[in-house]
Amino acid sequence: MPLLEVDNLTTHFHTREGVVKAVDGISFCVNRGETLAIVGESGSGKSVACYSLLKLIPQPPGIIAGSALFEGNDLLQADDKTLQKIRGNDIAIIFQDPMTCLNPYLTVGEQLIEPLIYHRNISRKDATYRAIEILGEVGIVEPEKRVGSYPHEFSGGMRQRVMIAMALITEPKLLICDEPTTALDVTIQAQILELVKVLQRKRNIAVIFISHDLAVVAGIADNVAVMKDGLIVEQGPVDDIFYHTQHDYTKKLLASIPEGAKPPPNSPLPANTSITENKPLLSISHLKTHFHDYSSGWLKRNQKVIKAVDDVSLNIKQGEILGLVGESGSGKSTLGRSILQLVPVTSGSVVFDGTDLTNLSPARMKPMRRRMQMIFQDPYASLNPRMTVFDTLAEPLLYHGLATRKNVTEQVLALMDDVGLAHAAIRKYPHEFSGGQRQRIAVGRAISTKPELVIADEPVSALDVTIQAQILDLILELVEKHNLTMLFISHDLSVVRYIADRIAVMHHGKLVETGSTESLFAAPQHEYTKRLLSAIPVADPARERKRQVELTQLGVDN
Amino acid sequence: MFRFIVSRLLQAIPVLLVVITATFFLVRAAPGGPFSAEKTVAPEVIKALEAQYKLDQPVWQQYLSYLNDLAHGDFGPSFRYPGRSVDELIAGGLPITAELAFYAMLVAIIIGVSAGVLAALKPNTPQDYVPMSAAMIGICMPSFLMGPLLVLIFGIWLEWLPVSGWGDLPGDKILPAITLGSGYAAFLARLSRGGMLEVMSQDYIRTARAKGLPEWVVVLKHGLRGGLIPVIAFLGPAFAGLLSGSFVVETIFQIPGLGRFYVQAAFNRDYTMILGTTVFFATLIVLFNLLSDIIAVWINPKLRHQLREGK
């Protein structure tokens, strides 16, 4: 008998706009020691389906129907008391966003021991002892000290480990992982996936792994279910899904994974040869951006200096797309901001088209700003929710005197054509758009001032794969059309491989390697680059399984 | 933390100076004076009085000497209560007003926070509408209407509680405390409802539920701390407001507190008394604001951390 047998699960929400069929009759089952991956784009209902099992969805009036037999008992018929005993005890969930899923007001130790105290009725002291033990197991250094820390004192990857520890502390029978690695960098992602697998083997737990990324799933799943619009369109053993794909949607998902091996359809390849002879548009030399860390003490001599960018020299040639990769905390975003003088640089120079930006007065910086623009990571946060598309796009045009009140509408419409937005959307607000469309607005805003240099900071990492591909193609198209030079910052190597002419790798604030995209992927020189490359998941179950064995031997964990 | 407190106290000095200066010149700009009364008094007598209280000196000289006295902690003599200093009058009225404000605060917190939290747990249901409508009435109804109404119901019709006085009869402190506290209870209810609504929709509340915690633990341990931050930030100014705003209630219930002295001083043009009470209340407001800021910081580990970093 399977551990969990879900039959015809249906979750509908009644909203003002009508009934939303988030989950529309899906069936699946999971056995002990097995991993079921549920794959789909955001909004496909994969998370809602799993939360419905434990009634953890927000409580709008709606219906949850069907049956979900867990060890023979129907979860959907269970009363609150019974469910309470199952939650966190028999079925635990690792949530997607470690930044918001931990209570900022309580220490991680306090949050870790709660399931033990309420389910196992053991003393605080014993529970704390167990919490320290499990923090060590998930790879937190000095767990006996860290158990008293608050969530904000941990990095994203470390918080995710805390979430995992919290889910595993009661040794549940079923673990639901909701995109546990989406917010993380490849190297950390590999570590966390490995950790879940090790624990699964050790305790014979069943895992439901929710993800939008087929490549991640390839290496860990036994079975895969592909969801779209609240329905499971295809499910079966992992090899069948990848090698004998039946459904068109699954094929589309597989096709949209940017593997990089194939050149993009409208790649600016012919231009590539001439780029090498172009003169550098931006040249950075010995750039240092340091921050002070006050956490170590009050006195100046105790203060540590964080070298976010440490002696970086780099040229970006006219018309080139330079990919800048590195894990979170490697200083790649700070480098981008330092170039635009959005953070004070400590020393070194940033020469843009013959002008050193590091000591320009604000008044002389203003015309420079027009020529250098930025695309930010999160299209949800970087657009002002109270400004329409028109306001957002017209503002820079008017501010920099590129348009007059009379012809600004015309120019905004031209920009919207450029980024593929319908004219009818001009008076709409950001919340009325999907993530991909919002990023189109953000791209439009960045190119509105006719810049020469665009710095794109993780512009697609908040988007679904199919949307990612569209935005990347849009960026390539615009680079060619407007003769842009671009610094493309990303933690995702396959994305960078797809888009960049040349790649620079950052590690701990230093530039460890630069090279043309082909040569860097073919023959990485630096140890860190090699490790980074080997941590990229590929959408091929057989290769993934083989690779993970190699990785464990290599000791990615350090 | 120490640096934060010191810098906030230093910031308070110019604020208080502006308050003192504005009040000093405004009360003197108002027509009439402490010794102009209906009865005709011989001009020589007024002259002598003005000389005694240094009112015959140029205004700027009076201002400087008042500042000098203040710096030595002396609020000066009262003009209307001969032989008594403002310090004495404040010290006499303050304990009563402070006690009244304290009870009113208790009423406000207990009623306001529990109503707000209950409303937030079931938004857009009767459990939300009923206390929130009551809160709206509480905010709209001024205390000079609320007080007599309560007196009418509980004092006269039901004869449960005394209608006035302070500490003379058992239970005579209940109605004034409710009258004064009800308006603030309504504000607190709305603030805690808003705060709790926001917190209860946070991802970490879902995490707490997913751990299988009983709902009351989710609400009280995981929800309340974050949800009450806006309430705590408001408590300081609210307490200062209760102290300085108690004169209506004190008048209705015949309570010999500081508020009544304050209003009488304004009618009587008792310059030093007005100034003294104003400065005293201003100081209280500054201190209580600081206090609630400190508590808000202390309750939030992230801010606590930043302060330790010395930012």
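Quick caveat, the model's predicted, so the values are computed rather than measured. The residue count restarts for each chain, going from 1 along the sequence in the order it is written. As a convention, the first chain written is A and the first ligand written is 1, with the rest following in written order. Reporting in this predicted model follows two pLDDT cut-offs: at least 70 for local features of residues, and 80 or more for side-chain atom pairs to be given and counted; totals over whole chains, interfaces and linings ignore these cut-offs and use all residues. In computing side-chain values, all of the structure's heavy atoms are included and hydrogens and water are not.

**Student:** Can you lay out the overall build of chain B for me, pointing to particular residues and giving the numbers?
**Tutor:** For the purposes of this entry, the term helix denotes a DSSP run of H or I that reaches at least four residues, the term strand denotes a run of E that reaches at least two, and both are numbered from the N terminus. Helix and strand counts for chain B come out as 14 helices and 0 strands. Seen through its C-alpha atoms, chain B measures out along the principal axes to roughly 85 × 60 × 30 Å. For this analysis, residues touch if any pair of their heavy atoms sits within 4.5 Å. In chain B, 72% of the contacts between residues at least 6 apart in sequence involve partners at least 24 apart. Note that accessible areas follow from Shrake-Rupley with a 1.4 Å probe, and for residues the cover is restricted to the protein chains shown. A total of about 15,600 Å² of accessible surface is found on chain B, and carbon and sulfur atoms cover 69% of it.

**Student:** Give me the lowdown on the pattern of salt bridges, citing residues and values where you can.
**Tutor:** Residues and elements named next belong to chain A. Just to be clear on terms, a salt bridge is a Lys or Arg side-chain nitrogen sitting within 4 Å of an Asp or Glu carboxyl oxygen. Inspection of every chain in the model, using the stated rule, returns 26 salt bridges over all chains. Between Lys173 and Glu71 there is a salt bridge, with the nearest N and O atoms lying 3.2 Å from each other. A residue pair is termed long-range when its members are at least 10 positions apart, and Lys173 in the loop between helix H6 (156–168) and strand S7 (174–178) and Glu71 in the loop between strand S4 (62–70) and strand S5 (73–74) qualify at 102 residues. Burial classes: relative accessible area under 20% of the type maximum marks a residue as buried, over 50% as exposed, and values in between as partly exposed (1.4 Å probe, protein chains only). The class of Lys173 is partly exposed, set by a relative accessible area of 33%. A salt bridge links Lys481 to Asp418; its shortest N-O distance comes to 2.4 Å. Placement of Lys481 in helix H17 (residues 465–482) and of Asp418 in helix H15 (residues 408–418) is noted, with a sequence separation of 63 residues between them. Via salt bridges that share partners, Arg130, Glu133, Glu137, Glu171, Lys202 and Arg203 belong to a single interconnected network.

**Student:** With reference to specific residues and values, describe the interface of chain A and chain B.
**Tutor:** Each partner contributes to the interface: chain A provides 27 residues, whereas chain B provides 29 residues. Buried surface at the junction of chain A and chain B, summed over both partners, amounts to about 2,700 Å²; 60% is from carbon and sulfur atoms. In this assembly, chain A and chain B are joined by 3 salt bridges. Two residues, B:Lys211 and A:Glu114, come together in a salt bridge whose shortest N-O distance is 2.9 Å. For this analysis, a polar contact is any N or O atom pair within 3.5 Å, provided that within protein one partner can donate a hydrogen and the other can accept it, and provided that sequence-adjacent residues contribute only side-chain to side-chain pairs. At the boundary of chain A and chain B, one finds 11 residue pairs in polar contact (both at pLDDT 80 or more). Of all the secondary structure elements, the ones that give two or more residues to the side of chain A that touches chain B are helix H3 (108–120) and H6 of chain A. For the side of chain A that touches chain B, the leading source of residues is H3(A), giving 6 residues. Accessible area, probed at 1.4 Å, shrinks when two parts are joined; the buried area is that loss added up over both.

**Student:** Help me get a handle on the packing of aromatic side chains, residues and values and all.
**Tutor:** A pair of Phe, Tyr and Trp rings is counted when the ring centres sit within 6.5 Å of each other, with Trp represented by its six-membered ring. The angle between the planes then sorts it: under 30 degrees is stacked, over 60 is edge-to-face, the rest tilted. For the structure shown, the criterion picks out 12 aromatic pairs over all chains. Members of the aromatic cluster, joined through ring pairs, are B:Phe24, B:Phe25, B:Tyr63 and B:Tyr66. Remark: a charge is flagged as sitting over a ring if the NZ atom of Lys or the CZ atom of Arg is within 6 Å of the ring centre and within 35 degrees of the ring normal. Sitting over the ring of A:Phe154, A:Arg146 keeps its end group 4.1 Å from the ring centre. Cation over ring: B:Arg28 sits above B:Phe24, and NZ or CZ is 3.9 Å from the ring centre.

**Student:** Which residues make up the sheet that holds S4(A), and what values do they have?
**Tutor:** Residues and elements named next belong to chain A. Here a strand pair is declared whenever DSSP counts at least two bridges between the two strands. Across the sheet, 4 strands lie side by side as S2-S1-S4-S5; this open sheet has antiparallel pairing. Sheet topology places strand S2 (18–30) and S5 at the edges, where each strand pairs with a single neighbour. For helices, the fitted line uses only the C-alpha atoms of the stretch in contact; every axis is such a line through C-alpha atoms, and the angle between N-to-C directions lies from 0 to 180 degrees. Of the strands in this sheet, strand S1 (4–15), S2 and S4 touch helix H1 (residues 46–53), which is tilted by about 110° from S1.

**Student:** Summarise a nonpolar patch on the surface; cite the residues concerned and give the values.
**Tutor:** Together, B:Leu149, B:Leu152, B:Ile153, B:Ile156, B:Trp157, B:Leu158, B:Trp160 and B:Val163 make up an exposed nonpolar region whose accessible area comes to about 780 Å². Mapping B:Val163 onto the fold places it in the loop between helix H6 (143–157) and helix H7 (174–200). Each patch is built from salt-bridge-free residues with over 30% relative accessible area, joining like charges within 9 Å and nonpolar side chains (Val, Leu, Ile, Met, Phe, Trp, Tyr) within 5 Å.

**Student:** Outline unusual backbone geometry, supporting the account with residue identities and numerical values.
**Tutor:** Residue and element names in this part refer to chain A. Positive phi values are uncommon outside glycine, yet His286 reaches one of about 45°. Positionally, His286 belongs in strand S11 (residues 280–293). The class for His286 is partly exposed, based on a relative accessible area of 49%. Backbone geometry at Glu458 places phi at a positive 50°, although glycine is not the residue there. You can see Glu458 is positioned in the loop between strand S17 (453–457) and H17.

**Student:** Which residues make up the packing of helix H5 (residues 126–140) of chain B against H7(B), and what values go with them?
**Tutor:** Residues and elements named next belong to chain B. Two numbers describe how H5 lies on H7: the axes approach to 8 Å, and their chain directions differ by 135°. By the angle between their directions, the pair H5 and H7 is classed as oblique. Seen along the crossing, H5 lies across H7 with a hand that is left-handed. Packed against H5, whose contacting residues are Asp128, Met132, Ala135, Met136, Gly138 and Ile139, the element H7 presents Gly183, Ala186, Phe187, Ala189, Arg190 and Arg193 at the interface. Any residue outside Ala, Val, Leu, Ile, Met, Phe, Trp, Tyr, Cys, Pro, Asp, Glu, Lys and Arg is labelled polar, Gly included; the first ten of those are nonpolar and the last four are charged. Residue classes in the contact of H5 with H7 are distributed as 7 nonpolar, 2 polar and 3 charged. In this scheme, roughly parallel covers angles under 35 degrees and roughly antiparallel covers those over 145, while 65 to 115 is roughly perpendicular and the rest are oblique. Definitions for this section: a left-handed crossing has its near helix turned counterclockwise from the far helix by less than a right angle. A right-handed crossing has that turn clockwise.

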